[in-house]
Amino acid sequence: MLMTLAMLLLATPALKAADCNMDQGPCIKSAADRTISFDISPKPVKAMAELVFSVTLTPCTALPETLLLDLDMPGMMMGKNQVILKKRNGCTYDGRGIIVRCRSGRTLWRATILSDALNNMAFTFDVRY
Ligand SMILES: [Cu+2]
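Note that residues are indexed from 1 along each chain, following the sequence as it is written. Local features in this predicted model are restricted to residues of pLDDT 70 or higher, and side-chain atom pairs are both shown and tallied only at a pLDDT of 80 or more, whereas totals for entire chains, interfaces and linings draw on every residue. Note that the side-chain values use all heavy atoms of the structure and ignore hydrogens as well as water.

**A word on the coordination of the copper ion**
Ideal geometry at a metal centre gives angles of 109.5 degrees when four donors are arranged tetrahedrally and 90 or 180 degrees when six donors are arranged octahedrally.
(1) Moving on: Sodium, potassium and calcium take a 3.2 Å donor cutoff, other metals 2.8 Å, and in both cases only N, O and S atoms count; water is not among them, so sites may look incomplete. Within the first shell, the copper ion binds the protein through M73 (SD), M76 (SD), M78 (SD) and C102 (SG), at distances of 2.2 to 2.7 Å.
(2) Moving on: Here a site with four donors is tetrahedral if all angles are between 85 and 135 degrees, and a site with four or six donors is square planar or octahedral if opposite donors are over 155 degrees apart and the other angles are between 65 and 115; anything else gets the irregular label. Classification of the site at the copper ion rests on its 4 donor atoms, whose angles at the metal span 94 to 128°, yielding the label tetrahedral.
(3) Moving on: Mapped onto the sequence, the residues coordinating the copper ion show the spacing M-x2-M-x1-M-x23-C. Taken together, the positions of M78 in the loop between β4 (66–72) and β5 (82–87) and C102 in the loop between β6 (92–98) and β7 (108–113) put the pair 24 residues apart, joining distant regions of the chain.
(4) Moving on: Relative accessibility decides the category of a residue: with a 1.4 Å probe and only protein chains considered, values under 20% of the type maximum give buried, values over 50% give exposed, and everything between is partly exposed. Taking the relative accessible area as the measure of exposure, M78 reaches 23% and is therefore partly exposed.
(5) Moving on: Residue classification places C102 among the buried positions, given a relative accessible area of 4%. Under the DSSP-based scheme used, a helix requires at least four consecutive residues in state H or I and a strand at least two consecutive residues in state E, with every element numbered from the N terminus.

Structure, rendered in structure tokens:
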């Protein structure tokens, strides 16, 4: 029984823990020789509230003026939820969106920057209800 459960946990990416804690500050990763800093405000990050999603890229050369951020829950069909991030000043992009409440009660969400140049970098994080 325990063995089965352990195998199930290993085989199911949807059950992985968040790799970012957005309540503590930006989540920083690197891809394709760029540093990507992802942030959500206001904090703590809550479902059903207007949120500002922001991405700061270092460097930000050779990238478009807008980026598309896709929001979903790993392993669940939650309906399409995408936010257009616009380049504001320097190398920061931002846009507003809402994370819906999940009927299952799960809190793990994933934000994916849909950009080949950024290797479609994804950030997972928990939201509060
Ligand atoms: Cu869900």
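**Observations concerning the pairing of strand β2 (residues 34–41)**
(1) Moving on: Of all 8 residues in β2, 6 are buried, a share of seventy percent or more.
(2) Moving on: Here a strand pair is declared whenever DSSP counts at least two bridges between the two strands. Relative to β2, strand β1 (residues 27–31) runs antiparallel, the two being bridged by 5 bridges. Note on β2: the bridge partner recorded for K29 is I36.
(3) Moving on: Between the antiparallel neighbours β1 and β2 lie 2 residues, among them A32 with a positive phi of about 50°.
(4) Moving on: Two elements, β2 and strand β3 (residues 50–58), share 7 bridges in a ladder whose sense is antiparallel. Bridge assignment links D39 to a residue of β3, and that residue is S54.

**A look at the state of the cysteines**
Between two cysteines, a covalent bond joining their sulfur atoms is known as a disulfide.
(1) Moving on: Disulfides are defined as pairs of cysteine sulfur atoms found within 2.5 Å of each other. Taken as a whole, this structure holds 2 disulfides when the rule is applied.
(2) Moving on: Covalently, C20 is tied to C27 through a disulfide, its sulfur atoms 2.0 Å apart. Here the disulfide of C20 and C27 is left-handed, its torsion about the S-S bond being about -70°. The pair C20 / C27 is uniform in exposure class, with both members buried.
(3) Moving on: C60 shares a disulfide with C91; S-S distance 1.9 Å. Judged by the sign of its S-S torsion, about -55°, the bond between C60 and C91 is left-handed. Remark: C91 occurs in the loop between β5 and β6 and C60 occurs in the loop between β3 and β4; sequence separation between them is 31 residues.
(4) Moving on: Here the protein pairs its bonded cysteines, counted in sequence order, in the arrangement 1-2, 3-4.

**Section: unusual backbone geometry**
(1) Moving on: In this model, S41 is joined to P42 through a cis peptide bond whose omega is -5°.
(2) Moving on: Locating P42 in the fold gives a position in the loop between β2 and β3.
(3) Moving on: Omega for the peptide link from K43 to P44 comes to -5°, which places this bond in the cis form.
(4) Moving on: Counting through the fold element by element, P44 comes out in the loop between β2 and β3.
(5) Moving on: Positive phi values are uncommon outside glycine, yet A32 reaches one of about 50°.
(6) Moving on: The residue A32 is located in the loop between β1 and β2 in this model.
(7) Moving on: For N119, which is not glycine, the phi dihedral falls at a positive 55°.
(8) Moving on: Relative to the helices and strands, N119 is located in the loop between β7 and β8 (122–126).

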